[in-house]
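# An overview of the molecular structure
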There are 2 protein chains.
Amino acid sequence: VKGGFLKVLAGEPVWPPPLWMMRQAGRYLPEYREVRSRARNFLDFCYSPALATEVTLQPIRRFGFDAAILFSDILVVPDAMGRKVSFVEGEGPLLEPIGVDEVEKLANPEVVLQRLGPVYEAVERIRGALPVEIPLIGFCGAPWTVATYMIQGRGGDRTPSRLFAYRNPAEMVLLLDRLADASVVHLEAQAKAGANALQIFESWAEGLPPAAFQDWVVRPIRRIVDGLRQRGVTTPIIGFPRGAGLNLQNFAGLTGVDGVGIDTATSIKSARAILGDRADGRQIATQGAMDPQALVTGGATLERAVQNTLAEIHGVPHVFNLGHGITPDADPANVARFVDLVRSGT
Amino acid sequence: VKGGFLKVLAGEPVWPPPLWMMRQAGRYLPEYREVRSRARNFLDFCYSPALATEVTLQPIRRFGFDAAILFSDILVVPDAMGRKVSFVEGEGPLLEPIGVDEVEKLANPEVVLQRLGPVYEAVERIRGALPVEIPLIGFCGAPWTVATYMIQGRGGDRTPSRLFAYRNPAEMVLLLDRLADASVVHLEAQAKAGANALQIFESWAEGLPPAAFQDWVVRPIRRIVDGLRQRGVTTPIIGFPRGAGLNLQNFAGLTGVDGVGIDTATSIKSARAILGDRADGRQIATQGAMDPQALVTGGATLERAVQNTLAEIHGVPHVFNLGHGITPDADPANVARFVDLVRSGT
């Protein structure tokens, strides 16, 4: 496996930029919806190596993206740790909110590894089926984001998780550490099964006070990166702290990641100016940040959105992507046009 | 009227910093809930000069804040422009979503002025009742935020408003301009009735692509500031683009505001480094940005939150405030402690 995506993660600019889309294996594709309908529920879907393999490959076949991303979910980790997780159609994930005294009862990393066997089997199958030049991305949720779901029982405004952390600082540290340690083995297993890059999704980084951002976002991500490196995993790591805003200050240096995902609201140039240096002296790689709504609107809006992003990334190591996942109402024809526009590089 | 608050808005550092709280007249106060229960519904409450005056004064009496803010709502403007606005207990505001062809039917600024007479009467009464040294803040919603409510029919994720803007760029410009022009006369009338400062709340600035932020946030706020200055209104203006993140780059210079509200997620120091210069050459004033959840938690969390904010504002013109409105579950005893901590300045 080689290609532009891994070059960029190594700090080398590539033109035209490598391209993939968050949620590229998703509901906007009719062939995805067909496969989805074969599974009883969303978690079964994630735990079926055959189905997960099929939907992971679909967008590669249809659009020829420069990277594939494992079809899975960030909530398989709390599920494997023994929390009740379900997905209600149209409502998103629902969990049984965790109590303060339940944190220490969470399953340990060995149990997580065993329970998530089907995920690593999917990674192996996908790696075997993918063209050799297309890298495969494995992933996990960042501890704060996963903790948010575990505490609130759902996504959303993060007030309950902030209050939990303020009121129970010791238990919050324990919860974040447990999640980081489970994430280390989960990502390591994906890398061993064939993943060529790893992404840590911090979907709920937004709205956190700067001091809390350091404690709840930066420190746990650093723990994951250090844990992987200590175990000899050299796979490049992308951190994506969505909504971090000015908390991106020195995010690369503080966490040790190789690449940083940039959200819709953030100028790539401004972000690169404050992200800080990589420990290995290479240029930080960035990834993002086009508004997925441009793929819903299409036409001149889409062209302008591609141009705005391209204009920011000349000469720097950047992976073209969206700033958030593609939405189910996007037209696949707009995605095809999008790929052409990015590939033309103008 | 003089005092620290207006000095800071003029660019002079003051120590200890002047202090007020967003939503200081609100549901966390039992005396507020008592007055609120006298009005049939929330809009009636806003349009009752007697009740609005009473609740505006309550937190000044109880805590001695350094500024009062008119009790009103940003949605009185679309209400006065002829849109259906209601407030459902526990659900927030609900509006009849505006259609593309309805934008040009919105009532003009003269009608808005006439319909909002009770608001200006409240401003006059409050100004008459307030101690002479306590400044009164008038306000409006920024056009993008108000348009978001008008398009979606509610607050929330802003995807419908982004799509509306992408699909109907001309109508979006028209809607934002109409709202800016109505806001100019609305703020001018508040200033004439006795408001000593004006705040423009851009509550939904978060998540906007940088180009869209310029078109939908910066340009309309600039239109309001220019409109007021052209009409001879010299009252200082604070813009509060909540969630702007790196889009704060040169926000002061681009909009012409005298002060900028800083949200919970943003380091005041980092923000001041990128806000840019005021047109008049004075230092930009900032305001914010403590996490309101610290007032719910109290204790050591509250002390640390106050200290973190104080540590960022030594020697710079800053108004101590929250980064978001105080929530109904905050204990007034924590607010009293908060005031003492800020006043002690350590």
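Numbering of residues starts from 1 in every chain and runs along the sequence as written. The lettering of chains begins at A and the numbering of ligands begins at 1, in the order of writing. Only residues with pLDDT of at least 70 are given local features in this predicted model, and only at 80 or more are side-chain atom pairs given and counted; all residues enter the totals for whole chains, interfaces and linings. Just so you know, side-chain values use all the structure's heavy atoms and leave hydrogens and water out.

### Description of the overall build of chain A
We count it as follows: Here a strand is any run of E in DSSP of at least two residues, a helix any run of H or I of at least four, and the numbering for each starts at the N terminus. A radius of gyration in this sense is built from C-alpha atoms; the matching globule rule multiplies 2.2 Å by the number of residues raised to 0.38. The classification of residues rests on relative accessible area computed with a 1.4 Å probe and restricted to protein chains. Under 20% of the type maximum is buried, over 50% is exposed, and intermediate values are partly exposed. Note on definitions: a residue-residue contact is assigned when non-hydrogen atoms from the two residues lie within 4.5 Å. What sets the accessible areas is the Shrake-Rupley method with a 1.4 Å probe; for residues, cover comes only from the shown protein chains. For this count, His and the chain ends are skipped, Lys and Arg are scored as positive, and Asp and Glu as negative. Charge placement uses NZ in Lys and CZ in Arg. For Asp and Glu, CG and CD serve respectively.
Counting its secondary structure elements, chain A contains 16 helices and 9 strands. The globule rule puts the C-alpha radius of gyration for 346 residues at 20 Å, and the 19 Å found for chain A is close to it. The principal-axis extent of the C-alpha atoms belonging to chain A is close to 55 × 45 × 40 Å. Counting only residues that meet the buried cut, chain A has 63% of its 346 residues in that class. Long-range pairs, those at least 24 residues apart, make up 75% of the contacts in chain A with a sequence separation of at least 6. On chain A, roughly 12400 Å² of surface is accessible, and the fraction owed to carbon and sulfur atoms is 50%. Across chain A, the mean location of the 35 positive side-chain charges is 2 Å away from that of the 37 negative side-chain charges.

### A look at the confidence of the model for chain A
We apply this condition: For every residue, the pLDDT score states the predictor's confidence, bounded by 0 at the bottom and 100 at the top.
Per-residue pLDDT for chain A has a mean of 96; in total, 99% of the residues score no lower than 70. Predicted complex, confidence summary: ipTM 0.93, pTM 0.96.

### Digging into unusual backbone geometry
The peptide bond linking Gly288 of chain A to Ala289 of chain A adopts the cis configuration, its omega dihedral lying at -5°. Inspection of the secondary structure assignment puts Ala289 of chain A in strand E8 (residues 285-290). A cis amide bond, omega -10°, links Trp15 of chain B with the succeeding residue Pro16 of chain B. Topologically, Pro16 of chain B is positioned in the loop between helix H1 (4-9) and helix H2 (30-36). With a phi close to 60°, Arg23 of chain A is a non-glycine residue in the positive phi region.

### Let's talk about the relation of the copies chain A and chain B
Rules: Our superposition of the copies is a least-squares fit, built on the C-alpha atoms of residues whose pLDDT is at least 70 in both.
In screw terms, the move from chain A to chain B is a rotation of 180° and a rise of 0.0 Å along the axis, fitting with an RMSD of 0.0 Å. Both copies of the chain, as the preceding transformation shows, are related through a two-fold rotation axis. Residue Gly245 of chain A, judged by its C-alpha, is the member of chain A lying nearest the rotation axis, at 2.0 Å. In this assembly, 100% of the residues forming the interface of chain A have copies in chain B that are likewise at the interface, indicating an isologous arrangement.

### Here's the deal with the pattern of salt bridges
Residues and elements named next belong to chain A. To keep it simple, the criterion reads: Salt bridge, as used here, is a side-chain nitrogen of Lys or Arg placed within 4 Å of a carboxyl oxygen of Asp or Glu.
With the rule as written, the count across this model stands at 42 salt bridges over all chains. The salt bridge partner of Glu188 is Arg231, with a shortest N-O separation of 2.9 Å. With Glu188 in helix H10 (residues 169-193) and Arg231 in the loop between helix H11 (210-230) and strand E6 (237-241), the pair connects residues that are 43 residues apart, well separated along the chain. Taking relative accessible area as the criterion, Arg231 reaches 47% and is therefore assigned partly exposed.

### Some thoughts on the pairing of strand E9 (residues 318-322) of chain B
Residues and elements named next belong to chain B. Quick note on the threshold: Pairing between two strands requires that DSSP report at least two bridges joining them.
Taking burial as the measure, the 5 residues of E9 include 5 buried ones, the bulk of the element. The two faces of E9 match: His318, Phe320 and Leu322 on one face and Val319 and Asn321 on the other face are all buried. Here strand E8 (residues 285-290) pairs with E9 via 5 bridges, running parallel. Bridge pairing in E9 places Gln287 opposite Val319.

### Overview of the sheet that holds E6 of chain A
Residue and element names in this part refer to chain A. Strands sit in the order E1-E4-E5-E6-E7-E8-E9 across an open sheet of 7 strands; the sheet is parallel. Only two strands of the sheet have a single partner each, and these edge strands are strand E1 (68-69) and strand E9 (318-322). Summarising the sheet, strand E7 (residues 259-262) and E8 pair through 4 bridges and their orientation is parallel. Each bridged residue has a counterpart across the sheet, and for Gly259 the counterpart in E8 is Ala285.

### Points about the nonpolar core
Quick reminder of the rule: Buried Ala, Val, Leu, Ile, Met, Phe, Trp, Tyr and Cys residues that are joined via side-chain atoms within 4.5 Å together make up what is termed a nonpolar core.
Counting 267 residues, the largest nonpolar core has Phe338 of chain A together with Phe338 of chain B as its most contacted members. Apart from the residues within four sequence positions on either side, Phe338 of chain B is in contact with Leu19, Met21, Met290, Leu295, Leu302, Val306, Phe320 and Leu322 of chain B.

### Points about the packing of aromatic side chains
As a reminder of what qualifies: Put simply, two rings from Phe, Tyr or Trp (the six-membered ring, in Trp's case) pair if the centres are within 6.5 Å, and we call them stacked under 30 degrees between planes, edge-to-face over 60, tilted for the rest. Distance and angle both matter: a charge sits over a ring if NZ of Lys or CZ of Arg is within 6 Å of the ring centre and within 35 degrees of the ring normal.
For the structure shown, the criterion picks out 28 aromatic pairs over all chains. Seen in terms of ring centroids, Phe320 of chain B and Phe338 of chain B are 5.7 Å apart; in terms of plane orientation they differ by 65°. Their pairing is edge-to-face. Residue Phe320 of chain B is located in strand E9, and its partner Phe338 of chain B is located in helix H16 (residues 332-344); the two are separated by 18 residues in the primary sequence. Of the two residues, Phe320 of chain B and Phe338 of chain B, neither departs from the other in class, the shared state being buried. Grouping aromatic residues by their ring pairs yields a cluster made of Tyr32, Phe42, Phe45, Phe71 and Phe87 of chain A. Over the ring of Trp204 of chain A we find Arg242 of chain A; its NZ or CZ atom is 5.7 Å from the centre of that ring.

### Section: the environment of Gln58 of chain A
All names here are of chain A. The line we're drawing: Distance and chemistry together define a polar contact, namely a pair of N or O atoms within 3.5 Å, with one atom able to donate a hydrogen and the other to accept it when in protein, and with adjacent residues in sequence counting only for side-chain atoms on both sides.
The topology assignment puts Gln58 in helix H4 (residues 49-63). As for Gln58 and Gly323, which are separated by 265 residues in sequence, their C-alpha atoms are 21 Å apart. Excluding residues that lie within four positions of it along the chain, Gln58 makes contacts with Leu29, Glu31, Tyr32 and Val35. Here Tyr32 takes part through its backbone nitrogen, which lies 3.3 Å from a polar atom of the side chain of Gln58.

### Observations regarding H11 of chain A
Residue and element names in this part refer to chain A. Under the convention used in this document: How far a helix is expected to stretch is found by multiplying one less than its residue total by 1.5 Å. Think of it this way: the bend at a residue is just the angle between two axes, each fitted to seven residues, one set ending at that residue and the other starting at it.
Helix length check: H11, at 21 residues, gives a terminal C-alpha distance of 28 Å against a target of 30 Å (1.5 Å per residue), a fit within 8%. Of all the bends found along H11, the most pronounced is centred on Val218 and spans about 30°, while Pro220, a proline, follows it within four residues. Where H11 terminates, the next one or two residues include Gly232, which has phi positive at roughly 85°.

### Things to note about the interface of chain A and chain B
Rule in force here: Accessible area that two parts lose when put together, evaluated with a 1.4 Å probe and summed over both, is termed the buried area.
On the side of chain B, 30 residues touch chain A, which itself brings 30 residues to the contact. Summed over both sides, the interface of chain A with chain B buries roughly 2400 Å², with 61% coming from carbon and sulfur. Our count for the contact surface shared by chain A and chain B stands at 2 salt bridges. The salt bridge partner of Arg162 of chain A is Asp291 of chain B, with a shortest N-O separation of 2.8 Å. Of all elements in the fold, only helix H9 (159-167), H11, helix H13 (268-274), helix H14 (293-297) and helix H15 (299-312) of chain A reach the threshold of two or more residues within the side of chain A that touches chain B.

### Side note on the packing of helix H8 (residues 143-152) of chain A against H9 of chain A
Residues and elements named next belong to chain A. Just so we agree on the cut-off: Note on geometry: axes are lines fitted to C-alpha atoms, helical ones only across the stretch in contact, with angles between N-to-C directions running from 0 to 180 degrees. Every angle not falling under 35 degrees, over 145, or within 65 to 115 is termed oblique; those three ranges are roughly parallel, roughly antiparallel and roughly perpendicular. Ten residue types, Ala, Val, Leu, Ile, Met, Phe, Trp, Tyr, Cys and Pro, are classed as nonpolar, four, Asp, Glu, Lys and Arg, as charged, and the remainder, Gly among them, as polar.
Between H8 and H9, whose axes approach to 8 Å, the crossing angle comes to 95°. The angle between the axes of H8 and H9 places the two elements in the roughly perpendicular class. Facing H8, whose interface residues are Trp144, Thr148, Ile151 and Gln152, H9 presents Thr159, Pro160, Ser161, Arg162 and Phe164. Here the residues of the contact of H8 with H9 are counted per class, giving 4 nonpolar, 4 polar and 1 charged.

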